[in-house]
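Listed here are the chains, written in short residue letters.
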Amino acid sequence: MEIFLNIVSAALIAIFIQNLIFERALGVNVLLYASRKKEHLFGFSGAIAYTTTVSAAIVWIFDTLLGETEYYRVIMPLIYILIVAAVYIGTLALIWRFFPKAFRALKKYVHLSVFNCSVIGALFLASQQGSDIFSYLGYGLGTGIGFLLAAYLLYTAAGRLNSPLVPAAFRGYPGMLVYVGVLSLAFYAFTGYSTSAI
């Protein structure tokens, strides 16, 4: 039960308090693309959740074995990129070999969803905040669910932001950026910070 609660608490932190899209603006470019069509929401979010969860487990092994070495923090970004690339290549090879029909359907999501800032950011977040493999897995899973939440919020707002009632200067992309900024402030309030010092 404690393991399950550790995974759930890390996932909830990654979804609501440290959402990589709204708090750190990582992966916004992929988010804007994914939020265009409803069928993209689950494809991108599933690929990001899978990649970050599997990569986080492997990252935990490297952090545990090499975390105390002198130059690990210097080569850590390279190691994380190589881990993500290995998960990417291995997953595509397995899907291509055993599920060729699924490969054709999934290949449009995999490239953009694997190689973006939110995946690498999730691994760094798990490395900084995680204490055991279960918190690493929770952060990886929570990043994918947080991406789904952000993409769904943008998908539901897209129709209203493109309506003729919105001034022409704010229609489309500019309106989306303003909307993401407002949502970022709302999610920032979840962390407990106040703006009284500003």
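Criteria and cut-off values
- Residues numbered from 1 in each chain as written.
- Predicted model: local features only at pLDDT ≥ 70, side-chain atom pairs only at ≥ 80, totals over all residues.
- Heavy atoms only, no water.
- pLDDT = per-residue confidence, 0-100.
- Helix = DSSP H or I, 4+ residues; strand = E, 2+ residues; numbered from the N terminus.
- Patch = residues over 30% accessible without salt bridge, like charges linked within 9 Å, V, L, I, M, F, W, Y side chains within 5 Å.
- Areas by Shrake-Rupley, 256 points an atom, 1.4 Å probe, with all protein chains shown as cover.
- Salt bridge = Lys/Arg side-chain N within 4 Å of Asp/Glu carboxyl O.
- 1 Å grid on protein atoms, 1.4 Å probe; cavity = no way out; pocket = protein on both sides within 12 Å on 5 of 7 lines; lining within 4 Å.
- Points joined across faces, edges and corners; volume = space filled by probe spheres on them.
- Nonpolar A, V, L, I, M, F, W, Y, C, P; charged D, E, K, R; others polar.
- Polar contact = N/O pair within 3.5 Å; in protein donor to acceptor, adjacent residues only side chain to side chain.
- Contact = heavy atoms within 4.5 Å.
- Expected span 1.5 Å × (residues − 1).
- Bend = angle between axes of the 7 residues up to and from the residue.
- Buried < 20%, exposed > 50% of the residue type's maximum accessible area, 1.4 Å probe, protein only.
- Core = buried A, V, L, I, M, F, W, Y, C linked by side-chain atoms within 4.5 Å.

Draft legend 1. Looking closely at the confidence of the model for the protein. For the protein, the mean per-residue pLDDT works out to 85, and 96% of the residues sit at or above 70. Across the protein, element-level confidence peaks in helix H4 (residues 72–98) with a mean pLDDT of 92 and bottoms out in helix H2 (residues 28–34) with 78.

Draft legend 2. Up close: a nonpolar patch on the surface. Taken together, the side chains of Met 1, Phe 4, Leu 5, Val 8, Leu 12, Phe 16, Ile 17 and Phe 190 present a nonpolar region at the surface, about 800 Å² in accessible area. Looking at the nonpolar patch, the element that brings in the most residues is helix H1 (residues 2–17), giving 6 residues. Secondary-structure assignment places Leu 12 in helix H1.

Draft legend 3. Representation of empty space enclosed by the protein within the structure. Counted according to the given criterion, the structure contains 1 cavity of 30 Å³ or more. By volume, the largest cavity amounts to about 60 Å³. In terms of lining, the largest cavity is formed by Ala 14, Gln 18, Asn 19, Leu 20, Ile 21, Ser 118, Leu 125, Gly 142, Thr 143, Gly 146 and Phe 147. Those elements that place two or more of their residues in the lining of the largest cavity are helix H6 (117–129) and helix H7 (133–161). Looking at the lining of the largest cavity element by element, the count peaks at 4 residues for H7. Partitioned by chemical class, the residues of the lining of the largest cavity number 5 nonpolar, 6 polar and no charged.

Draft legend 4. Geometry of the layout of surface pockets. Put simply, the largest pocket is a space of about 200 Å³. The wall of the largest pocket is formed by 14 residues, among which Ala 47, Tyr 50, Thr 91, Ile 95 and Val 110 lie closest to the centre. At the level of elements, helix H3 (38–66), H4 and helix H5 (100–114) are the ones that each hand at least two residues to the lining of the largest pocket. When its residues are assigned to classes, the lining of the largest pocket shows 10 nonpolar, 4 polar and no charged.

Draft legend 5. Representation of the side chain of Thr 51. Relative to the assigned elements, Thr 51 resides in helix H3. At 2.7 Å, the side chain of Thr 51 forms a polar contact with the backbone oxygen of Ala 47. When neighbours within four sequence positions are excluded, Thr 51 is seen to be in contact with Val 84, Val 114 and Val 119.

Draft legend 6. Looking closely at H5. If you check H5, its first and last C-alpha atoms are 19 Å apart, about what 15 residues at 1.5 Å a residue would give, namely 21 Å. At Leu 106, H5 is bent by approximately 55°, the largest bend along its length. The complete set of buried residues in H5 reads Phe 103, Tyr 109, Val 110, Ser 113 and Val 114. Lining the buried residues of H5 we find H3, H4 and H6.

Draft legend 7. Looking closely at the nonpolar core. Counting residues in hydrophobic clusters, the biggest one holds 46 residues, and the most contacted among them are Ile 21, Phe 22, Leu 31, Tyr 80 and Phe 147. Contributing elements (two or more residues each) for this core: H1, H2, H3, H4, H5, H6, H7 and helix H8 (173–190). Not counting chain neighbours up to four residues away, the residues in contact with Leu 31 comprise Ile 21, Phe 147, Ala 150, Ala 151 and Leu 154.

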